[in-house]
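Structural features, examined
What follows is each chain in one-letter form.
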Amino acid sequence: MADDIKLINSRLRKIEQSVQSINEKVSDFIESSKIPDRIISTEEAAEYLGISPEMVRREIREGRLPAEKGARSYKISLRTVLERVGIDDLRSYQKKS
C-alpha cells in the first residue's frame, strides 16, 4: 500500500511538472501573439500615442521610447508603442484620430 502511494505521488509530480511546462509554453505563445510586431513611422507612433511626431522624436532622443535610428528616420516597434499605452490586444483597439 505504501509503495502504491509513493508510485502515485511520483507520477503526480511528473504530471504536475509537465502541466507547468505546458502552461508556460502556452503563456509565452499567447503573450508573443497578442500584438503583431512591425516597424512603424514616427507619425504613426504619434497617432497611437496621441502626441505630436516631434514629441515622439523627443521621447526617443531622451531614451524614454526605444527605437533604432535609420538612415532618414527612426525605426519604432508597434508592439513597444502599444505596450507603452497599455494595449495588449490590437483587435480591441482603434488608433486615436
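So, here is what we can say about the structure in this document. (Residues numbered from 1 in each chain as written. Predicted model: local features only at pLDDT ≥ 70, side-chain atom pairs only at ≥ 80, totals over all residues. Heavy atoms only, no water.)

Note that strand β1 (residues 39–40) and strand β3 (residues 74–77) share two bridges and pair antiparallel. Looking across to β3, one finds that I40 is bridged to I76. Pairing of strand β2 (residues 68–69) with β3, which is carried by two bridges, proceeds in the antiparallel orientation. Among the inter-strand pairings, E68 is bridged to a residue of β3, identified as K75. Two successive antiparallel strands, β2 and β3, enclose a turn made up of four residues. (Pairing = 2+ DSSP bridges. Helix = DSSP H or I, 4+ residues; strand = E, 2+ residues; numbered from the N terminus.)

This part is about the pattern of salt bridges. Applying the stated criterion across every chain, the model contains six salt bridges. For the salt bridge of R64 with E59, the shortest nitrogen-to-oxygen distance reads 2.9 Å. Accessibility expressed as a relative area gives 8% for E59, which makes it buried. The partner of E59 in a salt bridge is R84, and the shortest N-O contact between them spans 2.5 Å. On the criterion of sequence distance, the pair formed by E59 in helix α3 (residues 53–61) and R84 in helix α4 (residues 78–84) is long-range, its members being 25 residues apart. Residue R84 is classed as partly exposed on the basis of its relative accessible area, which comes to 39%. (Salt bridge = Lys/Arg side-chain N within 4 Å of Asp/Glu carboxyl O. Buried < 20%, exposed > 50% of the residue type's maximum accessible area, 1.4 Å probe, protein only.)

One can describe the packing of helix α2 (residues 42–49) onto α3 by two numbers: an axis separation of 8 Å at closest approach and a directional angle of 100°. With respect to α3, the axis of α2 lies roughly perpendicular. Residues T42, E43, A45, A46 and L49 of α2 form the contact with α3, whose participating residues are P53, V56 and R57. Grouping the amino acids of the contact of α2 with α3 by side-chain chemistry returns five nonpolar, one polar and two charged. (Axes fitted to C-alpha atoms, helices over the stretch in contact; angles between N-to-C directions. Parallel < 35°, antiparallel > 145°, perpendicular 65-115°, else oblique. Contact = heavy atoms within 4.5 Å. Nonpolar A, V, L, I, M, F, W, Y, C, P; charged D, E, K, R; others polar.)

On to a nonpolar patch on the surface, then. On the surface, I8, L12, I15 and V19 cluster together into a nonpolar patch covering about 360 Å² of accessible area. The residue I8 is located in helix α1 (residues 2–34) in this model. (Patch = residues over 30% accessible without salt bridge, like charges linked within 9 Å, V, L, I, M, F, W, Y side chains within 5 Å. Areas by Shrake-Rupley, 256 points an atom, 1.4 Å probe, with all protein chains shown as cover.)

Bringing the side chain of S77 into the picture now. With respect to the element layout, S77 can be found in strand β3. Polar contacts involving the side chain of S77 include one to the main-chain amide nitrogen of R79, which spans 3.3 Å. (Polar contact = N/O pair within 3.5 Å; in protein donor to acceptor, adjacent residues only side chain to side chain.)

Structural measurements only, silent on function.
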